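Results of the structural survey
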Amino acid sequence: TWLLGQITTETLATQFQIDVEDSKTITPRRNEAIEKALEFAGIDSTAGVQHGKLHAFLTCIDTFFESLRSAILSNHNPAVPSPDPVFTAMRQNFDFYDYSIFNPILPLMEDDNQSATAVEERDSCKVLSKEDMTKLTNEHARSLEEALENIAKSAPSDQSPNAFACSERMLMLLSFDMLELMSNYSKSFSYIESMMESQLISAIGKRLESDDIDKFTTFHNARLLQKAPNQFSHAIRQPEHYPVGLVSIEDNTGDRKCIQTHSRIVNVSSTVKLPLAAATILELAGDQVLHGWMNQRFGTKTASGRKYFFELTARARQFSSFILVIGTMNGPSTLEPKDSIIIQNKDEVLIPLLLEELPTAKEFKDAIKSLSPEQQRFAKAYRSMQLESSVFGICVVQIKPQLEALLSLPPNSLDKEMKLTQDLMELFVEYQVPSDLLSYNGATDDVAVEDKVSNVREHVKSVMEVIEGEKEKHLKNAALNTAMSIEKHIQQDLAHSEQRSGLHDVVNGALIDPRPPTMFYKSATAPARRSGAAKLRAPSGGAQKERFRSVQSSAAPVPRMAKMSAVAAASPGRGTVSQVSQPAPQSYHGRTEHVLADRSSTGVDFTLIPKTLDVAIENNGEGSALRSTIIKTRDTWTRHRQENLLTASKDEVLTTEDLKKEKHKAFDLLDALSRSGSLPIQYSELHVIVALTHCFDKSVMETVICDNVNPIEKLELSTLLLASAIHGVPAREMIKDDGELLRLKGSFPLLLKDE
């Protein structure tokens, strides 16, 4: 066994030692020698689990004697009532603590408040001398022998019929002593770790959590990097205009802090395709911003708990609106939409984000190395798809400026036209009105802005009048159909009653209906009763029909209006549409100089960045900690909406069916704003997010104390790798201070080597 293997056969001395030069030796507790010792003993002090060879052996001994004692008490003393089990066990079994066996395993620490000479002498010998160790073990042997002698004197002899004779009690005592030694051995190392943790807490002033590391990295990155990460919180605005809304990714655990991302505007002169359908593909010609998000988690419990800890938040201001499209990058220049919604009039939409961590490159290679070549090729192809699909895209389309370009209106002409903008959105979303019926159709461009807007307003009014006319016509048709249905029902009722009666009285040549008077349908034009008549005269068939044709039903249902074939036929005549030149929109990032200064006209394939990071992570020794992360949206969203200006805002949950309806509405509006893909979306903002998660297996304190790892240094390396990939420059150029560069070169020589 491992235990006997630690004793030399020549001198019967122990040869157990901790190899401090071994790379696996982390702390006095976390090393291969101690792990093997605790594994043999079967005690895991961290998890509180007791299982192993030695512990199993000692447990078997204890279980055997306990079962034997129970059998004796239950089967061999029928005259005495069943005694209390606890009292019987205490009476039958002697107390091992009475023997005062000395336990030589104790964590002995020296006080550091000594003179310099004493400290030097102490450091020259950091462990107890052999003489002192011998004294401790000899005392343990002496006290154990004394206890065994006492048992031999007091216990029944082995020749007696007593089940618990001298040998059995000695065996139980030795088993108890070994369990005590094992327990103290484990507790001693746990005490050393707890002592170091207490010292760290005393030095810092608090027990560190994951949020504390987040705050530190935010502060540290601002000092360390030339281009520090910034909060992912972007106002949706035109140059020199008030923002119409806000898009951000926030942590929903406490004070809703925004995440920090490295950002760069890329592909300035290129467009991104947004497929709405097989025949409709939009061109997004606005800004494209590449973001790198370095997430971090500590401990396996945190990994599962942080699954829904981040939310994408979109807010719109009053009388403002925009379209939000969420998806993944499919290829170098295509955004594959998954969800879309129109945000307007103080709406606030909270979208939970799911973070799915992929296996690291090292884990992936270790997992497939035993597979066949065909299976390996399949796994590699699928992983490549996973990495490419991990690029998350958020697109924002401003509605008002795109409406101006669509309707051939000058820039900013709809800024104060709130009702006109709402009417236009209603026509496009609810009725799918072609934009050609609403755009400015003046013959020349030398017209005042107010006149152009008035021209569009007249077109909107004409189409709305046609819609109202169609609604009124459908209401009349519905009322007429309802009246005819009532008349038909009464005629059928009359005929049925005549068939059931069989007998009809004829008074003064008139047919008398046998039904009670209440069965007649009374209208406003019904003739008055004849005075003195005992029964009502049934009206003639022609008069009855005329009476029911005059009935109008106010509760008739309103069918959905027929699509705009009638609108197109009834709309006013149109001349040649004069296209008003639209200036190219300026960047919405005018407020963030750090992003503007990093514009890049070089084409960037977003889907290749995760692969580039995967290779860089593996080459720099972080293959087991940094994981590419896929960002997905949850199927249930929350929307805060104020139905009108007189009511308070309410929360509503958007289910999967609700999200489908919202997506259809948003796509209908996008289709109208782009003329089914023929008009580029100039007023758009595309945010592409590449996410990495640095995974620590333990909590912050356990990472520092138990693993002897500085998480700040690990996060520095991860941040430099991500920032270098996002900004497209070597990692050494990202460091602001030469002193910091010199310090980090010692820690990361491969990453920061000179060109």
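See the structure above.
In what follows, the accompanying structure is described. All figures in this text were calculated on a predicted structure; none of them were measured in a lab.

1. Focus: the nonpolar core
Ranked by size, the top nonpolar core spans 73 residues in total, and within it I323 and L720 carry the most contacts. Apart from the residues within four sequence positions on either side, L720 is in contact with L225, A731, M734, I735, L744, F748, L751 and L752. The next biggest cluster of nonpolar side chains, apart from the first, holds 29 residues, and it includes I249, I259, L312 and A316.

2. What to know about the pairing of strand 8 (residues 280–284)
By the alternation rule, side chains of strand 8 split into T280, L282 and L284, which are all buried, and I281 and E283, of which none is buried. The pairing of strand 7 (residues 272–277) with strand 8 spans five bridges and is classified as antiparallel. Counted as the bridge partner of K273 is E283 from strand 8.

3. Things to note about the pattern of salt bridges
In this structure the tally under the stated criterion is 32 salt bridges. Here D423 ties to K419 by a salt bridge, and the two come within 2.9 Å at their closest N and O atoms. In this pair, D423 and K419 are both assigned in helix 13 (residues 418–430), four residues apart and thus about one turn of the helix distant. Within the structure, one salt-bridge network assembled from shared partners comprises E250, R256, E311, R315 and E348.

4. Regarding the environment of L3
Counting through the fold element by element, L3 comes out in helix 1 (residues 2–5). A relative accessible area of 37% places L3 in the partly exposed class. In sequence terms L3 and T14 are eleven residues apart; their C-alpha atoms lie 9.7 Å from each other.

5. Overview of the packing of helix 2 (residues 32–41) against helix 7 (residues 166–204)
Closest axis-to-axis distance for the helix 2/helix 7 pair is 11 Å, and the angle between their directions is 145°. As for the relative orientation of helix 2 and helix 7, their crossing is left-handed in sense. Residues I34, A37, L38 and A41 of helix 2 lie in contact with helix 7, whose contacting residues are M182, Y185, S186 and F189.

6. A short note on the side chain of S628
Tracing the backbone shows S628 in strand 17 (residues 626–633). Note on S628: relative accessible area 6%, which makes it buried. Discounting chain neighbours no more than four positions away, the residues touching S628 are E356, E357, L358, L387, P610, D614, A691 and L692.

Calculation rules
Residues numbered from 1 in each chain as written. Predicted model: local features only at pLDDT ≥ 70, side-chain atom pairs only at ≥ 80, totals over all residues. Heavy atoms only, no water. Core = buried A, V, L, I, M, F, W, Y, C linked by side-chain atoms within 4.5 Å. Buried < 20%, exposed > 50% of the residue type's maximum accessible area, 1.4 Å probe, protein only. Contact = heavy atoms within 4.5 Å. Helix = DSSP H or I, 4+ residues; strand = E, 2+ residues; numbered from the N terminus. Pairing = 2+ DSSP bridges. Salt bridge = Lys/Arg side-chain N within 4 Å of Asp/Glu carboxyl O. Axes fitted to C-alpha atoms, helices over the stretch in contact; angles between N-to-C directions. Left-handed = near helix turned anticlockwise from the far one by under 90°.

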